[in-house]
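Summary of structural features
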Amino acid sequence: MLQGIDHLVIAVRDLDAATKDYRDLGFTVVPGGRHTGIGTYNSLIAFRDGAYLELIAFYEPRDDHRWWAPLQKGGGLVDYCLQTDDLPADTRVLRAAGIDVGEPEQRDRKRADGKEIRWVSRCHAARTAGWRHSSSPTRPDATSACRASAATPTA
Amino acid sequence: MPRERSHANGVTGVGTLTVAVDDVARLRRWYAAVTKQPGADITRPDLAGAGVRFVVGPHTLDFVAPTSASSPLLAWLDTRGPSPYAATFTGGRAGALDPAKTHGARLALA
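Residues numbered from 1 in each chain as written. Chains lettered and ligands numbered in written order. Predicted model: local features only at pLDDT ≥ 70, side-chain atom pairs only at ≥ 80, totals over all residues.

Turning next to helix 1 (residues 24–35) of chain B. Helix length check: helix 1 of chain B (12 residues) gives 16 Å between terminal C-alpha atoms against 16 Å at 1.5 Å per residue, within 8%. Among the residues of helix 1 of chain B, those classed as buried are B:R26, B:L27, B:R28, B:W30, B:Y31 and B:V34. Summarising the contacts, the buried residues of helix 1 of chain B are in contact with strand 1 (2–11) and helix 3 (87–96) of chain A together with strand 3 (49–56) and strand 4 (59–66) of chain B. Positive phi shows up at B:K36, right after helix 1 of chain B, with a value of about 60°. (Helix = DSSP H or I, 4+ residues; strand = E, 2+ residues; numbered from the N terminus. Expected span 1.5 Å × (residues − 1). Buried ≥ 20, exposed ≤ 12 C-beta atoms within 10 Å, placed from the backbone. Contact = placed C-beta atoms within 7 Å.)

As structure tokens, this is what we get:
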């Protein structure tokens, strides 16, 4: 069952500048890390309700990444992630509802302190919607999460 | 997720995420299935749009399609396709955040 928003993704051209600007807006921004192999790095803003903002930028051009194109069109909000307490069950429900949820993809991020965080992504086959299952050592109570990006109808 | 969760601006969490869509019925079917809720019909005069609302935990998801030629969602859908359009936060002093400071994100404290 979905539990709420896990995080919102905000694509920016300059991560250092965005980190400063969001701090100027009164947010507590902490460094995230680098996503190995996909060209992105991030900063994070966490909230008491369990959700967080992800400020994300590219450290190298990656026109094969689904957030690259919207960043070229101005960036800003590009994606969101929803928490679930049972990703396999929700995946079955989504597939039954006509969403073509893809196979798991391994992802990881290395933090500035060297700690590596790993998770598994499931994306819409058309790359216009996706779902993610994550398990973070910094958040052991969050056993699973799913990401739903732009919910373009393709079914 | 970071342990630091307090903010000088008073924000405590995410309120409503507005997602621009071009097929409300399909989104309603998807999210009704996974949330076990029917969803509530909504109109969003501020966006010249209408759609469906789901409340998931502490958060609200509004899936909104344009209903007139004056809707800003038309241009958004044309350039970005169905995708998140705006978000509000809970806590703090109400008002929109400067889009130059948010790097293009439409964000407001509700």
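What follows continues from the structure just given.
A word on the interface of chain B and chain A. Counting residues at the interface gives 41 residues for chain B, matched by 46 residues for chain A. Contributions of two or more residues to the side of chain B that touches chain A are made by strand 1 (11–20), helix 1, helix 2 (72–80) and strand 5 (83–91) of chain B. Among the elements that make up the side of chain B that touches chain A, the one with the highest residue count is helix 1 of chain B (seven residues). Broken down by class, the residue content of the side of chain B that touches chain A amounts to 20 nonpolar, 13 polar and eight charged. (Nonpolar A, V, L, I, M, F, W, Y, C, P; charged D, E, K, R; others polar.)

Residues and elements named next belong to chain B. We note that A48 has phi near 50°; this positive angle belongs to a residue other than glycine. Here A48 is to be found in the loop between strand 2 (40–44) and strand 3. Of note in the backbone geometry, H103 takes a positive phi value of approximately 60° without being a glycine. The topology assignment puts H103 in the loop between strand 6 (95–96) and strand 7 (107–109).

With 61 residues, the main nonpolar core has A:L8 and A:I10 as its most contacted residues. Those residues in contact with A:I10 that lie beyond four places of it in its chain are A:L53, A:E54, A:L55, A:I56, A:G76, A:L77, B:H103 and B:A105. (Core = buried A, V, L, I, M, F, W, Y, C linked by C-beta atoms within 7 Å.)

Residues and elements named next belong to chain B. Sheet architecture is open: seven strands sit in the order 2-3-4-1-5-7-6, paired in mixed fashion. Each edge of the open sheet is held by one strand with a lone partner, namely strand 2 and strand 6. As defined by bridge partners, strand 1 adjoins strand 5 across seven bridges and the pair is classed as antiparallel. Residue pairing in the sheet places T18 in a bridge with A86 of strand 5. The strands touched by helix 1 are strand 3 and strand 4; relative to strand 3, the strand with the most contacts, the crossing angle is about 10°. Its contacts with the sheet put helix 2 on strand 1, strand 3, strand 4 and strand 5, and the angle it makes with strand 4 is roughly 90°. (Pairing = 2+ DSSP bridges. Axes fitted to C-alpha atoms, helices over the stretch in contact; angles between N-to-C directions.)

All names here are of chain A. Taken together, the buried positions of helix 3 are L87, D90 and L94. Projection of helix 3 onto a plane perpendicular to its axis shows the buried side chains occupying an angular sector of 65°, all on one side. Among the exposed residues of helix 3, those oriented more than 90 degrees off its buried face are P88 and A96. Taken from the residues just after helix 3, G98 is the one with a positive phi, measuring 105°. (Arc of directions from axis to C-beta.)

Now for the packing of helix 3 of chain A against helix 1 of chain B. With their axes 9 Å apart at the nearest point, helix 3 of chain A and helix 1 of chain B run at an angle of 150° to one another. Compared by their axis directions, helix 3 of chain A and helix 1 of chain B come out roughly antiparallel. The crossing of helix 3 of chain A and helix 1 of chain B is right-handed. Of the residues in helix 1 of chain B, those in contact with A:D90, A:V93, A:L94 and A:A96 of helix 3 of chain A are B:W30, B:A33 and B:V34. (Parallel < 35°, antiparallel > 145°, perpendicular 65-115°, else oblique. Left-handed = near helix turned anticlockwise from the far one by under 90°.)

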